[in-house]
Amino acid sequence: MSKAPSLVEVSNLTRVFDVSKPWLNRLLEGEKRTLLRAVTGVSFSIGRRETLALVGESGSGKSTVARMIVGLLPPTQGSISIDGIDMWAPATAGQRQKLRRRLQMIFQDPYASLNPRWRVDRIIADPIKAFHRAADRGEIEHRVGELLRLVGLDPADGQKYPHEFSGGQRQRICIARALSSNPEFIVCDEPTSALDVSVQAQILNLMRDLQDRLGLSYFFISHNLAVVKHMAARIGVMYLGRIVELAPSADLFKTPRHPYSRMLIDALPDLAMSGRQRKPIEGEIPNPINPPAGCAFHPRCPHAFERCQRETPELMASGMARAACHAVAEGRI
Amino acid sequence: MSEPVLSVRDLKIGFPTRRGVLTAVDGISFDIAAGEVLGVVGESGAGKSLTGAAVIGLLEPPGRILKGSVHLKGQRIDNLEPETLRRLRGRRIGMVFQDPLTSLNPLYRIGDQIVETIRTHSNVSAATASERAIALLQEVGIQGARSRINAYPHEFSGGMRQRVVLALALCADPDLLIADEPTTALDVSIQAQIIALIKRLCRQRGTSVMLITHDMGVIAETADRVAVMYAGRIAEIGPVRDVVREPHHPYTRGLMGAIPSAEVAATTRLTQIPGSMPRLTAIPKGCAFNPRCPHTFERCKVERPEPMPVARSHAACWLVPEGVGVEP
C-alpha cells in the first residue's frame, strides 16, 4: 500500500475474555466456560493530525480498544492497521518494531505509570535508547532537556525522582516520555481524570499545543463528555462493547441521535445554570457476561420496541453521523 | 433570621509535625441554614474534606482543631467528650463518603446494618426497625427492598451501594447531612441519579446538607450557596448562581474558565491558572493565591484578605475594597 488517506484503520475489532472458573472447579461443578465480550465489531479510522475520542461509562470497553491499538492486548478478531501496516500481522518483524516507535501511550494514573526508582531523565531517555533515536550520551541528554522544556518543565528537573512532582507535573513527564520516540500517533487513556480541574486545563491545553506543533494524531479516551468535546473532532460513543454512535463532535452535541447519547448529554451537569433540568438516566449498565439480546441498550431505552429485543442494530448513516439504532433507522425518533 | 443549623467560626485545623504545626485549614467561618444545601468546592488539598471531618468530629489524629468553634443548632460540638460526640454522630449529623464499598461492612447483610443503626439511635423493637429499614430502602429507590434487604454489599452495584449508604445516613433523621464527594466514584448517568435523590430526600425532610466536592457541575446543580476553598481558606462564598455566573475572586474565575463545558465551542482555549496549589509548608504570606493571581499588587503580598461583602457574595480579595472591577 502506498499512501493511505487515514493513519489508523481499525476494522471489526472484537475482544473476548475468558473469565471461567479454573478447570477443576468447572469439572466438579459441571459449569461451562464463561466468556466476556468486552469489545464487539468496533471499526473506525483516524486521520493525520486528527483526534478521535471514545466516550463511555465504566465497562463499556473503551480501554480495551486502546490496549489493542497500541499492541498491549491481541484482538480476538478484526484488524488494526497503522499507515497500512497491520499491527498484529506485520509482514516482517522489523516492520512491527518500526511501527511501535511511531505510536505511544499516555496512561490515566501518573502515579502508577512512572518508575519511582528511576530519575526523570532516565525515564524519558528510555524510549530514545530502545528505538536508537540518538547516537551518543550527549545527544540523549540534549534531547531529554529539549523534551522537558517542550512540556513546560525545567531541564534541571531531569535529576529529580517522580515523587518530587505533583500529579500534573508527573503527567507532563509521561507526555515527554511518550514524545521521546518522535511518535506520530498517541493513545491517551483518560489522561486527565486523576487531576484537578485547573491542572486538567493545563494538560489539555498542552496536548492541543503539541498536536499543532508536532502534527500528532490522538486517540483519546474519557468518560467525561465535556473533556472529549474540547479535544476531539469526532466522537464515538460506546455502550457495552459496541460503538452506538460515531459523529462529528459539534454534531453529536447539537443533535445526538442514539438514545444513549441523548441520555449522556442530558446527564451533563448544567454549569451555565440555564435552569435546564437534567434527566437522570434510569437503570444501570447490564452485566457484559450476560448482555441483553438484540440492542444491548433496549432495557433502558425509552424508545425500545419489539425489533430492538431481537435484532442487533448496525451502525447506519444518519446525516453526518452514524448511529446503531433501529428507531433512528426507521425514523421513529 | 432563624438560627443556623450549623455555624462554624474561625475554624483552624493543624497537624503537629517535628518541624512545627502545619495549618491545613486556616480560620474559616460559614453558616448553613435549615434546609439549605451548602456546596464546598476546591481542588485536592484545599482543606474541604478536613472541614467536613472536623464538623462531625472524625479528624484523624494527629490532625486536630487548633482554634475556633462549631455549633450545631446552638450547641457547641467541637469540644465534646468522645462518648457524647459518638451519640450525636449519626443521629444529628449523617455522613456519606466517597466510596460506598468501604462505608459498608462486607460481612453483614445490608438490612442488618440498617437495623443496627436504627436501633442504636432510637429505642424500637427489631421488627419495627426492620420494617423501617425496608421503607427506607424503598425511599432511596431500591427495587424489591423486601428481598434485597438480605443481600450483602457485594451483590449491589456502585450506585445501589451509594443509595444504601444514603439510607444509613438518613435513618435517624439528622439535622445535617455531610456528603463528602458522594458521586465521584460513580459514572455520569448514575451520578445524576444520586444527586437527584439527595436533593429530593433532603428537601422532603428539611435536612441541611454540606456537600463537599471538586466538581463545580455537581455544585451548580445541587447547592443553594457555595464556598470556594483555596489553600485552607475560603476564597469566595455566596449564592451558587452568583458565584458560578459572576465570580468575584480571581481564583474562582480561573476555576470556572478551566472547566471544559459542553456549551462552549471547542476551539476556545481553557483558562489556565499558572502554577499549582502551594504546599502546606509553603503557604505564601498575605493572600495565599497571590503568586498565581494575574491581578496581584503590593497589599496582596503582605496582608491577608478576609471574606468581604461584594454584591450578594463575599470574596477574600483586596481588589474588592479597592473597588477595581476585576475584568478577566
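What comes next is a walk through the structure. Computed from a predicted model, the values in this text were never measured in an experiment.

## Observations concerning the nonpolar core
Soluble globular proteins tend to bury their nonpolar side chains together.
Alright, step 1. A:Ala53, B:Ala167, B:Met210, B:Leu211 and B:Val228 are the most contacted members of the largest nonpolar core, which has 190 residues in total.
Alright, step 2. Discounting chain neighbours no more than four positions away, the residues touching B:Ala167 are B:Ile114, B:Leu136, B:Leu137 and B:Val140.

## A word on helix H7 (residues 158–170) of chain B
Residues and elements named next belong to chain B.
Alright, step 1. The end-to-end C-alpha separation of H7 is 18 Å, in line with the 18 Å expected for 13 residues at 1.5 Å each.
Alright, step 2. Within the span of H7, buried status applies to Gly 159, Met 160, Arg 161, Gln 162, Arg 163, Val 164, Val 165, Leu 166, Ala 167, Leu 168, Ala 169 and Leu 170.
Alright, step 3. In this structure, the buried side of H7 is in contact with strand E6 (93–96), helix H3 (100–103), helix H4 (110–121), helix H5 (126–139), strand E7 (176–180) and helix H8 (188–205).

## Observations concerning the interface of chain A and chain B
Alright, step 1. Contacts between the two partners involve 34 residues from chain A and, on the opposite side, 35 residues from chain B.
Alright, step 2. Going through the elements one at a time, helix H7 (197–214), helix H8 (225–231), helix H9 (249–254) and helix H10 (259–266) of chain A are the ones with two or more residues in the side of chain A that touches chain B.
Alright, step 3. Of all the elements, H7(A) adds the most residues to the side of chain A that touches chain B, at seven residues.
Alright, step 4. Considered class by class, the residues forming the side of chain A that touches chain B number 19 nonpolar, nine polar and six charged.

## Thoughts on the sheet that holds E7(B)
All names here are of chain B.
Alright, step 1. Within the open sheet, the eight strands sit side by side as E6-E7-E8-E3-E9-E10-E12-E11. Their pairing is mixed. Where the open sheet ends on each side, the last strands, each with one partner, are E6 and strand E11 (308–310). Here the strands of the sheet are splayed against their neighbours by 20 degrees on average, with no regard to which way each runs.
Alright, step 2. Sheet topology note: the strand E3 (residues 37–41)/strand E8 (residues 208–213) ladder contains five bridges and is parallel. Counterpart to Val 37 in the pairing with E8 is Val 209.
Alright, step 3. Sitting on the sheet, helix H1 (residues 48–55) is in contact with E3, E7, E8 and strand E9 (225–230), with an inclination near 145 degrees to E8.

About the criteria used
Residues numbered from 1 in each chain as written. Chains lettered and ligands numbered in written order. Predicted model: local features only at pLDDT ≥ 70, side-chain atom pairs only at ≥ 80, totals over all residues. Core = buried A, V, L, I, M, F, W, Y, C linked by C-beta atoms within 7 Å. Buried ≥ 20, exposed ≤ 12 C-beta atoms within 10 Å, placed from the backbone. Contact = placed C-beta atoms within 7 Å. Helix = DSSP H or I, 4+ residues; strand = E, 2+ residues; numbered from the N terminus. Expected span 1.5 Å × (residues − 1). Nonpolar A, V, L, I, M, F, W, Y, C, P; charged D, E, K, R; others polar. Pairing = 2+ DSSP bridges. Axes fitted to C-alpha atoms, helices over the stretch in contact; angles between N-to-C directions.

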